[in-house]
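Residues per chain are reported as follows:
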Amino acid sequence: MSAGDFFYPRKMGMIILLGLEEVMGVNGVDALLQLAPLEEFSRQSLQAGKEQAIPFQKVGLLQSTLEQAYGPRGGRGLALRAGRACFKYGLREYGSLLGITETAFRLLPLPAKLFTGARVFADLFNRHTDQKVRVEEKDFKIFWHIDRCPLCWERKADEPICHLAVGLLQEALYWVSGGKVFHVEETACIARGDPACVILMDQTPLS
Ligand SMILES: [Zn+2]
């Protein structure tokens, strides 16, 4: 397989587009897509295509264009917020597959609920996209290892840059815990030369 052979499904592209539109507005997103240029993420293109999928390279380009347009800090803030906004669109699209609305899941104690939720969520990426995720639980923390990551695909950076994933996981924890806030931080990134992108999530809430 060559680098160009990895994809997000069109549905995932639409979820990212809706998340971005929520934080930047339709015009802001249009301007961003023209700047890149990233026709693949436009509403017309996403709605028109039947089997069309989005190459990882374009997902990486979307994040780097955000930083180019708004500066590293501004781009990071927007990506985090867009990631959080994406969660509910993802739930709408894939929620029935996750099974985490079931009673047995709801009755689990919080740390087990968070870890089970993370495993089920990782499975969704593994089965429905070319992104590869492993989850591990250690010392009251969950480690979300992204072994193949679209967000920093073909990018180089001094610091971790997969902010969209951090925002998405923050919101997932908030939702699963029924409104609690947790420390979530990306501690390793392929763009920095690490073997995987790693997002650490505390299982003990901040509030
Ligand atoms: Zn990454």
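The present account deals with the structure reproduced in this document. Worth saying up front: this structure is predicted, and the values here are computed from it rather than measured. (Residues numbered from 1 in each chain as written. Predicted model: local features only at pLDDT ≥ 70, side-chain atom pairs only at ≥ 80, totals over all residues. Heavy atoms only, no water.)

Focus: the packing of helix α3 (residues 56-98) against helix α6 (residues 163-176)
And then number 1: As a packed pair, α3 and α6 sit with axes 7 Å apart at the nearest point and diverge in direction by 30°. As the angle between them shows, α3 and α6 are arranged roughly parallel. The crossing of α3 and α6 is right-handed. Within the contact between the two elements, α3 uses Gln-63, Glu-67, Arg-76, Ala-79, Leu-80, Ala-82, Gly-83, Arg-84, Cys-86, Phe-87 and Leu-91 and α6 uses His-163, Leu-164, Val-166, Gly-167, Leu-168, Gln-170, Glu-171, Ala-172 and Trp-175. (Axes fitted to C-alpha atoms, helices over the stretch in contact; angles between N-to-C directions. Helix = DSSP H or I, 4+ residues; strand = E, 2+ residues; numbered from the N terminus. Parallel < 35°, antiparallel > 145°, perpendicular 65-115°, else oblique. Left-handed = near helix turned anticlockwise from the far one by under 90°. Contact = heavy atoms within 4.5 Å.)

Quick notes on the coordination of the zinc ion
And then number 1: All of the protein donors around the zinc ion are Cys-149 (SG), Cys-152 (SG), Cys-162 (SG) and Cys-197 (SG); their distances to the metal are 2.2 to 2.4 Å.
And then number 2: Note that the zinc ion binds 4 donor atoms; their angles at the metal cover 98 to 120°, and the shape is tetrahedral.
And then number 3: In primary-sequence terms, the residues that donate to the zinc ion follow C-x2-C-x9-C-x34-C. Highlighted residues: Cys-149 in the loop between β4 (141-148) and α6 and Cys-162 in the loop between β4 and α6, separated in sequence by 13 residues. (Donors = N, O, S within 2.8 Å, 3.2 Å for Na, K, Ca; no water. Tetrahedral: all angles 85-135°; square planar, octahedral: opposite > 155°, others 65-115°.)

Notes on the pattern of salt bridges
And then number 1: Using the criterion set out here, one finds 9 salt bridges in the structure.
And then number 2: A salt bridge links Asp-194 to Arg-192; the nearest nitrogen and oxygen atoms lie 2.9 Å apart. (Salt bridge = Lys/Arg side-chain N within 4 Å of Asp/Glu carboxyl O.)

Let's talk about the environment of Glu-186
And then number 1: Examined against the element boundaries, Glu-186 turns out to sit in strand β5 (residues 184-188).
And then number 2: For Glu-186, a relative accessible area of 10% corresponds to the buried category.
And then number 3: Remark: the alpha-carbon pair of Glu-186 and Arg-92, spanning 94 residues in sequence, is separated by 26 Å.
And then number 4: Glu-186 has contacts with Pro-160, Ile-161, Cys-162, Val-166, Cys-197, Val-198 and Ile-199, leaving out every residue within four places of it along the chain.
And then number 5: A distance of 3.3 Å separates the side chain of Glu-186 from the backbone nitrogen of Ile-161, its partner in a polar contact. (Buried < 20%, exposed > 50% of the residue type's maximum accessible area, 1.4 Å probe, protein only. Polar contact = N/O pair within 3.5 Å; in protein donor to acceptor, adjacent residues only side chain to side chain.)

Observations concerning the nonpolar core
And then number 1: In this structure, Phe-121 and Trp-144 are the most contacted members of the largest nonpolar core, which totals 65 residues.
And then number 2: Breaking this core down by element, the ones donating at least two residues are α1 (10-35), α3, α5 (110-128), β4, α6 and β6 (197-202).
And then number 3: Here this core gets 13 residues from one element, more than from any other, and that element is α3.
And then number 4: Excluding residues that lie within four positions of it along the chain, Phe-121 makes contacts with Phe-87, Leu-98, Trp-144, Leu-168, Leu-169 and Ala-172. (Core = buried A, V, L, I, M, F, W, Y, C linked by side-chain atoms within 4.5 Å.)

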